[in-house]
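Spelled out from the first residue to the last, the chains are:
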Amino acid sequence: MTDGRSWQGNWKARMYERVRERGHTSLTDFANSRPTVPLLKLAAELGKDDVAAIQVFHGLLSEAAQRRQVTRLLRDVIAREVAGDFPEGWPVITDEATRFQVIKLLARLGAFTPEAHEARVSRVGDSLLTSPPPPGWRPLGPDDELLLTLLPDNEA
């Protein structure tokens with residue numbers, strides 16, 4: 001977590017400078033080298049005290065929009081956040097506490113979703129709750145078969 005310093009100065013320049021210092025040409029390249037690392041941890045790698053997860057997401061979103069791959073980015077974020085919240089894979093939802101964990105994950109995904117994709121991502125969340133993946137499911141990236149089924153590419 002940051003204490004507000006992440007928004008001071010030219011945060012985009014700072015973030016991209018750190019990406020280049022780590023030998024990557026883009027934020028997407030940096031993120032792709034860590035396919036199951038949640039956004040919060042990616043931000044911490046770039047600057048524990050002055051880079052926020054939402055800034056990383058906005059940078060990734062900007063790059064994805066330029067490549068017309070926003071849907072792929074959203075699948076990527078789902079895979080990252082599932083890995084972060086459920087390192088042993090998708091849980092068996094047998095009680096309210098586990099169901100609440102899943103709902104918190106889905107709410108966080110909704111918060112990261114651009115308005116144009118909100119309805120589709122909401123349907124993904126509904127599907128994951130009503131027809132959960134097999135216990136232990138661990139998407140390793142945006143090309144996971146189930147994620148592709150739930151959120152296929154349809155970039156205009």
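Residues numbered from 1 in each chain as written. Predicted model: local features only at pLDDT ≥ 70, side-chain atom pairs only at ≥ 80, totals over all residues. Heavy atoms only, no water.

### Here we look at the overall build of the protein chain
Here is step 1: When its secondary structure is counted, the protein chain shows 8 helices and 0 strands.
Here is step 2: For the protein chain, whose C-alpha radius of gyration is 16 Å, the value lies close to the compact-globule estimate of 15 Å for 156 residues.
Here is step 3: Along the three orthogonal principal directions, the C-alpha set of the protein chain runs to about 45 × 35 × 25 Å.
Here is step 4: Counting all 156 residues of the protein chain, 45% fall into the buried class. (Helix = DSSP H or I, 4+ residues; strand = E, 2+ residues; numbered from the N terminus. Rg over C-alpha atoms; globule rule 2.2 N^0.38 Å. Buried < 20%, exposed > 50% of the residue type's maximum accessible area, 1.4 Å probe, protein only.)

### A short note on the confidence of the model for the protein chain
Here is step 1: Of all residues in the protein chain, 96% have pLDDT values of 70 or greater, and the mean over the chain is 92.
Here is step 2: Mean pLDDT across the elements of the protein chain ranges from a minimum in helix α6 (residues 96-112), with 92, to a maximum in helix α2 (residues 27-32), with 97. (pLDDT = per-residue confidence, 0-100.)

### A word on the environment of Leu140
Here is step 1: Considering the arrangement of structural elements, one finds Leu140 in the loop between α7 (118-130) and α8 (145-150).
Here is step 2: A relative accessible area of 60% means that Leu140 is categorised as exposed.
Here is step 3: Sequence-wise, Leu140 and Val82 are 58 residues apart; in three dimensions their C-alpha atoms are separated by 9.5 Å.
Here is step 4: When near neighbours in sequence (up to four residues on either side) are disregarded, Leu140 contacts Pro35 and Thr36. (Contact = heavy atoms within 4.5 Å.)

### Looking at the pattern of salt bridges
Here is step 1: Within the structure shown, the criterion is met by 9 salt bridges.
Here is step 2: For Glu45, the salt bridge is made with Arg34, and the minimal N-O distance between the two is 2.5 Å. Of this pair, Glu45 sits in helix α3 (residues 39-47) while Arg34 sits in the loop between α2 and α3, and the two are 11 residues apart along the sequence.
Here is step 3: Among the residues examined, Glu45 registers a relative accessible area of 31% and is labelled partly exposed. (Salt bridge = Lys/Arg side-chain N within 4 Å of Asp/Glu carboxyl O.)

### Concerning unusual backbone geometry
Here is step 1: Phi is positive for Arg68, close to 60 degrees, though the residue is something other than glycine.
Here is step 2: Note that Arg68 resides in the loop between α4 (53-67) and α5 (70-85).

### Regarding the packing of helix α1 (residues 11-21) against α4
Here is step 1: Where α1 contacts α4, the axes come no closer than 11 Å and their chain directions differ by 80 degrees. For the element pair α1 / α4, the angle class is roughly perpendicular. Counting all contacts with α1, which are made through Trp11, Met15 and Tyr16, the residues of α4 involved are Gln55, Val56, Gly59 and Glu63.
Here is step 2: Tallied by class, the residues present in the contact of α1 with α4 amount to 4 nonpolar, 2 polar and 1 charged. (Axes fitted to C-alpha atoms, helices over the stretch in contact; angles between N-to-C directions. Parallel < 35°, antiparallel > 145°, perpendicular 65-115°, else oblique. Nonpolar A, V, L, I, M, F, W, Y, C, P; charged D, E, K, R; others polar.)

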